Amino acid sequence: MRLTIIGAGPGGYETAVAAAKSGIETVIISDGHVGGTCLNEGCIPTKSFCRNAEAMDLIANAETFGIGDLSYKFDFSKVLERKNSVVAQLRSGVEGLLKHKNITLIRGNASFKDAHTVRISSDNPETDGQEISSDYFIIATGSHSATLPIPGNKLEGVITSKEILDIESVPKKLCVIGAGVIGLEFASIFRSFGSEVNVLEYCKDILPRFDTDLAKRLKQALVKRGIGIETGAQVQSIERDGDKLVVTYLKKDKEFRVEADKVLMAVGRRPNTTSAAIDAAGIEYGPRGVVVDADMRTNVPHIFAIGDITGGMMLAHVATFQGKLALKAILEESGMCSNGDEARIRLDIVPAAVFTKPEAATVGKTEDECKNASIPVKCLKSFFRANGKALSMDEPEGFCKLVVAEGSEAYAPGQILGCHLFGAHSADLIQEVASLMNHNATVAELASTVHAHPTLGEVILDAAHTAL
Ligand code: NAD
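About the thresholds
- Residue numbering note: each chain is counted from 1, following its sequence as written.
- Totals for whole chains, interfaces and linings use every residue, but because this is a predicted model, local features are given only for residues with pLDDT of at least 70 and side-chain atom pairs only at 80 or more, for both listing and counting.
- The side-chain quantities take in all heavy atoms of the structure and omit both hydrogens and water.
- Helix and strand assignments follow DSSP, with helices taken as H or I runs no shorter than four residues and strands as E runs no shorter than two, numbered in order from the N terminus.
- For this measure, only C-alpha atoms enter the radius of gyration; the expected value for a globule follows 2.2 Å times N^0.38, where N is the number of residues.
- Residue burial is assigned from relative accessible area. The probe radius is 1.4 Å, only protein chains are included, and a residue is buried under 20% of its type maximum, exposed over 50%, and partly exposed in between.
- In this description, contact between two residues means that some pair of their heavy atoms is separated by no more than 4.5 Å.
- Working definition of accessibility: Shrake-Rupley area with a 1.4 Å probe, residue cover restricted to the visible protein chains.
- Lys and Arg are tallied as positive, Asp and Glu as negative. Neither His nor the chain termini are counted.
- To locate a charge, take atom NZ for lysine, CZ for arginine, CG for aspartate or CD for glutamate.
- By the convention used here, strands pair only if DSSP detects at least 2 bridges between them.
- To obtain an axis, a line is fitted to C-alpha atoms, over the contacting stretch when the element is a helix, and the angle between two such axes runs from 0 to 180 degrees between their N-to-C directions.
- Whether a residue is near a molecule or strand depends on its heavy atoms: it is near if one of them lies within 4 Å of it.
- In protein, a polar contact requires one atom able to donate a hydrogen and another able to accept it; more generally it is a pair of N or O atoms within 3.5 Å, and residues adjacent in sequence count only if both atoms are side-chain atoms.
- Polar here means any residue outside two lists: the nonpolar Ala, Val, Leu, Ile, Met, Phe, Trp, Tyr, Cys and Pro, and the charged Asp, Glu, Lys and Arg; Gly therefore counts as polar.
- Salt bridges are counted wherever a side-chain nitrogen of Lys or Arg sits within 4 Å of a carboxyl oxygen of Asp or Glu.
- Think of a patch as exposed residues, more than 30% relative accessible area, with no salt bridge, where like charges cluster within 9 Å and nonpolar side chains (Val, Leu, Ile, Met, Phe, Trp, Tyr) cluster within 5 Å.
- By definition in this entry, angles of less than 35 degrees are roughly parallel, angles greater than 145 are roughly antiparallel, angles of 65 to 115 are roughly perpendicular, and the rest are oblique.
- Should the near helix be turned counterclockwise from the far one by less than a right angle, the crossing is left-handed, whereas a clockwise turn marks it as right-handed.
- Any two rings among Phe, Tyr and Trp, with Trp reduced to its six-membered ring, count as a pair given centres within 6.5 Å; such a pair is stacked if its planes are under 30 degrees apart, edge-to-face if over 60, and tilted if neither.

Caption draft 1: Local environment of the overall build of the protein chain. Scanning the protein chain from terminus to terminus reveals twelve helices and 25 strands. For 468 residues, the compact-globule estimate of 2.2 N^0.38 gives 23 Å, and the C-alpha radius of gyration of the protein chain, at 24 Å, lies within 12% of that figure. Considering only C-alpha atoms, the protein chain reaches an extent of 65 × 65 × 45 Å along its principal axes. Residues counted as buried form 50% of the 468 residues belonging to the protein chain. Residue pairs at least 24 apart in sequence account for 63% of intrachain contacts in the protein chain once pairs closer than 6 positions are excluded. As displayed, the protein chain offers around 21900 Å² of accessible surface, 50% of which is attributable to carbon and sulfur atoms. Of note, the protein chain has its 49 positive side-chain charges centred 3 Å away from the centre of its 59 negative side-chain charges.

Caption draft 2: The sheet that holds strand β11 (residues 196–200), seen in detail. The strand order β9-β16-β10-β11-β12 describes an open sheet built from five strands, whose pairing is parallel. The two strands at the open ends of the sheet, each matched to only one other strand, are β9 (158–159) and β12 (228–230). As defined by bridge partners, β9 adjoins strand β16 (residues 262–265) across two bridges and the pair is classed as parallel. Within the sheet, the bridge partner assigned to Ile-159 lies in β16 and is Leu-264. Sheet contacts for helix α5 (residues 181–192): β10 (173–177), β11 and β16; angle to β11, the most-contacted strand, approximately 165°.

Caption draft 3: Up close: the site of the ligand. Residues in close proximity to the ligand total 22 residues, the closest being Ile-182, Glu-185, Glu-201, Gly-268 and Ala-353. At a separation of 2.8 Å, an oxygen atom of the ligand approaches a polar backbone atom of Ile-182. Between an oxygen atom of the ligand and a side-chain N or O atom of Glu-201, the distance comes to 2.6 Å. When the ligand is considered free in solution it has 850 Å² of accessible area, and contact with the protein chains removes 81% of it. Class assignment for the residues of the shell around the ligand results in 15 nonpolar, three polar and four charged.

Caption draft 4: Structural detail: the pattern of salt bridges. Per the counting criterion, the structure on display carries 22 salt bridges. A salt bridge links Lys-83 to Asp-166; the shortest N-O distance between them is 2.8 Å. Residue Lys-83 is located in helix α4 (residues 76–97), and its partner Asp-166 is located in the loop between β9 and β10; the two are separated by 83 residues in the primary sequence. Of the charged contacts, one joins Lys-381 and Asp-213 as a salt bridge, the two residues approaching to 2.7 Å between their closest N and O atoms. Placement of Lys-381 in strand β23 (residues 377–383) and of Asp-213 in helix α6 (residues 212–224) is noted, with a sequence separation of 168 residues between them. Ionic contacts of the salt-bridge type, sharing partners, join the residues Asp-211, Asp-213, Glu-367, Lys-371, Lys-381 and Lys-401 into one network.

Caption draft 5: How the structure looks around a negative patch on the surface. On the surface, a cluster of negative charge is made up of Glu-239, Asp-241, Asp-243 and Glu-255. With respect to the helices and strands, Asp-241 occurs in strand β13 (residues 234–241).

Caption draft 6: Expanded view of the side chain of Lys-244. Looking at the secondary structure, you find Lys-244 in strand β14 (residues 244–251). On the basis of relative accessible area, Lys-244 is assigned to the buried category, the value being 19%. Lys-244 has contacts with Glu-239, Glu-259, Ala-260 and Asp-261, leaving out every residue within four places of it along the chain.

Caption draft 7: Inspection of the sheet that holds strand β2 (residues 25–30) at higher detail. Pairing is parallel across the open sheet formed by five strands, whose spatial order is β3-β2-β1-β7-β20. In this open sheet, the two edge strands, each paired with only one partner strand, are β3 (103–107) and β20 (303–305). Taking each pair of neighbouring strands and ignoring which way they run, the sheet shows an average axis angle of 20°. Direction of pairing for strand β1 (residues 2–6) relative to β2: parallel, over a ladder of five bridges. Its bridge partner being in β2, Leu-3 is matched across the sheet by Thr-26. Each of β1, β2, β3 and β7 (136–139) is contacted by helix α1 (residues 10–21), which is oriented at about 165° to β2, the strand it contacts most.

Caption draft 8: Spatial organisation of the packing of helix α3 (residues 43–60) against α5. The N-to-C vectors of α3 and α5 enclose an angle of 40°; their axes lie 8 Å apart at closest approach. In terms of axis orientation, α3 runs oblique to α5. Every pair of crossing elements has a handedness; the one defined by α3 and α5 is left-handed. Residues Thr-46, Lys-47, Phe-49, Cys-50, Ala-53, Met-56 and Asp-57 of α3 form the contact with α5, whose own contacting residues are Glu-185, Phe-186, Ile-189, Phe-190 and Ser-192. Grouping the constituent residues of the contact of α3 with α5 by class yields seven nonpolar, two polar and three charged.

Caption draft 9: Quick peek at the pairing of strand β25 (residues 416–423). Extensive coverage of β25 is indicated by the burial of eight of its eight residues. In this sheet, β25 lies alongside strand β22 (residues 360–364) in antiparallel orientation, the contact comprising five bridges. Looking at β25, one finds that Ala-360 is bridged to Phe-422. Sheet analysis places strand β24 (residues 398–405) next to β25, joined by seven bridges and oriented antiparallel. Pairing of Gly-398 across the sheet is with Gly-423, part of β25.

Caption draft 10: Spatial organisation of a nonpolar patch on the surface. Together, Leu-58, Phe-65, Ile-67, Leu-70 and Tyr-72 line one region of the surface with nonpolar side chains, adding up to about 480 Å² of accessible area. With respect to the secondary-structure elements, Phe-65 resides in the loop between α3 and α4.

Caption draft 11: Here's a closer look at the packing of aromatic side chains. Evaluation of the coordinates by the stated rule reveals 14 aromatic pairs. Note on Phe-112 and Phe-137: the rings are 5.1 Å apart at their centroids and 65° apart in plane angle, and the pair reads as edge-to-face. Of the two residues, Phe-112 sits in strand β4 (residues 109–114) while Phe-137 sits in strand β7, which places them 25 residues apart along the sequence. Both rings, one in Phe-186 and one in Phe-190, keep their centres 6.5 Å apart while their planes meet at 40°; by these two values the pair is tilted. Within this pair, Phe-186 and its partner Phe-190 are both found in helix α5, separated by four residues, close to a single helical turn.

Have a look at this one:
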């Protein structure tokens, strides 16, 4: 049995390795570096920048730690070098994983010729024009940055999250359009690098899909760091004025202008439905992406789709777990053995993080979602300023909000339905609550779990204790 996977991002390559280990002859086709957006121009290079930003913030705050005047020269080329070397190291790790005896990696672009065959186009004459037929396909071709359809959107200096990772120098003035995850992460990073940063957001609050309490507190923290954030801002146009870009926006019917050296467009991502010629295979899709069922199967029964191309939660870890579901369906249908663990995968419990300073993280339902769905809940809060480790780290900013069921037909009294964290290392802390939620744990079970002291994790325990 042969499985062909198109795209070698976290969805594609992890599924290829798992399929190969299950004994499936697996072909994976990648038209770029293996690792996809996440590894090459997303999560990983951004985290490398984040670490540099953290180092700069510590140096800027050196006096707090009794360290006197620290004069230094900030060499941005070293930031890029370090980022490139982190990416290269991880990329070679992925290439190593794909050297499995059951995997053939083809470098090139795959287009469906019909529902059973893809054709490769490549610079390599050995693979260019090659046709691959397969019993099953998984499409994992990802997404691309959206652009606002406004005048000036193609001007030089108007960039996306891809280009900003290879920017030649730190812009003096950076204007970010969109206060979603990408916009805020880069706003935070470049503020630490010394840019004057202005963020323009269309909605009435930042991070529209996050808990409103969390979004408000994060906004306050970012503003305190000197980042300008305008919400309810309708961006109209971008113009060039000499060596500057000028972004014009409307707020409450009044026109405002922001000057910038670079403008970052961070207004969402769109599924790559035009790549791979999926029309030729008769695959159903819309503006939100390829339509799939709970097994990640498209309308063409032997073709599956996973990750950003399916729209929804565009997160690397979601793509990976969707790949596990698709592979399980393929294995079962082919009379092969899956280990059954996939039955426990809960795609309604997906932690997500925003790597700003301070970090924010979320899992499960927000308070507003529960209200709108008439789920009776109470919210339990605790604060980083009361946590010994946070104070020792000089990271007093932050809070934890647990959303807990009052008890209803659907949820047991005390069942944890969500957690919203803001503060140092929130992205790491959220995993504990995600694990508990996967087991439908109650807040009493969390409160009776011994936590090490002194740790930031005790912030979550403190929130749970407020229920007792
Ligand atoms: P997003 O949807 O998170 O945010 C886009 C923001 O742009 C929204 O707040 C939206 O209201 C705003 N916007 C839209 N039109 C606008 C306009 N005309 N003017 C001003 N603002 C406007 O999208 P993103 O930040 O581009 O991220 C894309 C995807 O990548 C998301 O699904 C995100 O979760 C994912 N991602 C995740 C991480 C992470 O997990 N840390 C990091 C980066 C990206």
